[in-house]
Amino acid sequence: EPFVAARKAAEQAEAAAEQSAKDAQAAREAATAAHEDAVAKRKDAEKQHKDALAKRKTAESERTKQEKLKKKAEDSRMKAEKSRAAAESARAEAAQSAKDAEASRQDSDQKEKDAIASREAAEVAADDAEVAKDKSFHDFQLAEEALEYVKEVNEHACLGMIWWIERSLEEAKKTMSPVQKRKLEGRGHVSIRKSMSAVRSLMFG
C-alpha cells in the first residue's frame, strides 16, 4: 500500500507537472499573441500618426494657399476700389469741365452778342456823327454866306454882332479838317434865305 500511494502521488505530481507545462505553454502562446497584437496596434498607430501628420501638413498648405488667395482677392478689391474712386473723380472733373466749357461758351456767345450790339451802336453813332458833321459843315457855309451878305447890305450897322459872328466862325474853323477847309474855299453860291437861317441857328441855337 505505501508503494501504491507513492505511485499515485507520483502520477498525480506528473499529471500536475504536465498540466503546469500545458498552462505555461498556453500562457506563453497568449503572451506571444498579445505581443504580436501590441506590435500590430503600435504599427497601426504609427501609420495613423503619419497619416494625421500628412493630413495636417496638407491642411496647413491648403490654408496657406487660401490665405494667399484671400490676400490677393483683397488686394484686387482695394485696387478696384481705387480705380473706381479714380474713375468717379475723373467723371466728376469731366462733368465740371463740361459745365465750365458750357458756361464759357455761353459767356463767349453773350460777349459776341454784346460786341455785335456795341459795333452796331458804334456804327449808328458814327453815321449820326457823320451826318451831324456834314450838317454842321453845311450850316457853317450858310452862316459865312449870310455874314458876307449882312456886311454888304449893312456896312456900318451891327458891328458888334458881326464881330462876334466872325469870331465864332473863326473858332469853328479850327475844329475843321483840311478837306472841309478846302471845300469852303471852293464853295459855290448859297441861298440867302438858307444863309440867314444858319446865322440865326448859330447865334441862338
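Computed from a predicted structure; not experimentally measured. (Residues numbered from 1 in each chain as written. Predicted model: local features only at pLDDT ≥ 70, side-chain atom pairs only at ≥ 80, totals over all residues. Heavy atoms only, no water.)

1. Re the confidence of the model for the protein
For step 1, the next point in the chain: Predicted confidence across the protein gives a mean pLDDT of 80, with 83% of residues reaching 70 or more.
For step 2, the next point in the chain: Confidence over residues 188-196 falls short of pLDDT 50; this stretch has 13 contacts with residues more than four positions distant or in other chains. (pLDDT = per-residue confidence, 0-100. Contact = heavy atoms within 4.5 Å.)

2. Observations concerning the pattern of salt bridges
For step 1, the next point in the chain: With the rule as written, the count across this model stands at 10 salt bridges.
For step 2, the next point in the chain: For glutamate 74, the salt bridge goes to arginine 77, with nearest N and O atoms at 2.5 Å. Residue glutamate 74 and its partner arginine 77 are located together in helix α1 (residues 2-153), separated by 3 residues, close to a single helical turn.
For step 3, the next point in the chain: With its nearest N and O atoms 3.9 Å apart, the salt bridge here joins arginine 119 to glutamate 123. Taken together, the residues span about one helical turn, with arginine 119 and glutamate 123 both in helix α1 at a distance of 4 residues.
For step 4, the next point in the chain: Note on arginine 119: relative accessible area 48%, which makes it partly exposed. (Salt bridge = Lys/Arg side-chain N within 4 Å of Asp/Glu carboxyl O. Helix = DSSP H or I, 4+ residues; strand = E, 2+ residues; numbered from the N terminus. Buried < 20%, exposed > 50% of the residue type's maximum accessible area, 1.4 Å probe, protein only.)

3. What to know about the nonpolar core
For step 1, the next point in the chain: Counting 7 residues, the largest nonpolar core consists of Phe137, Phe140, Ala143, Leu147, Ile165, Leu169 and Met176.
For step 2, the next point in the chain: Examining the composition of this core, we find that 4 residues originate from one element, α1, more than from any other. (Core = buried A, V, L, I, M, F, W, Y, C linked by side-chain atoms within 4.5 Å.)

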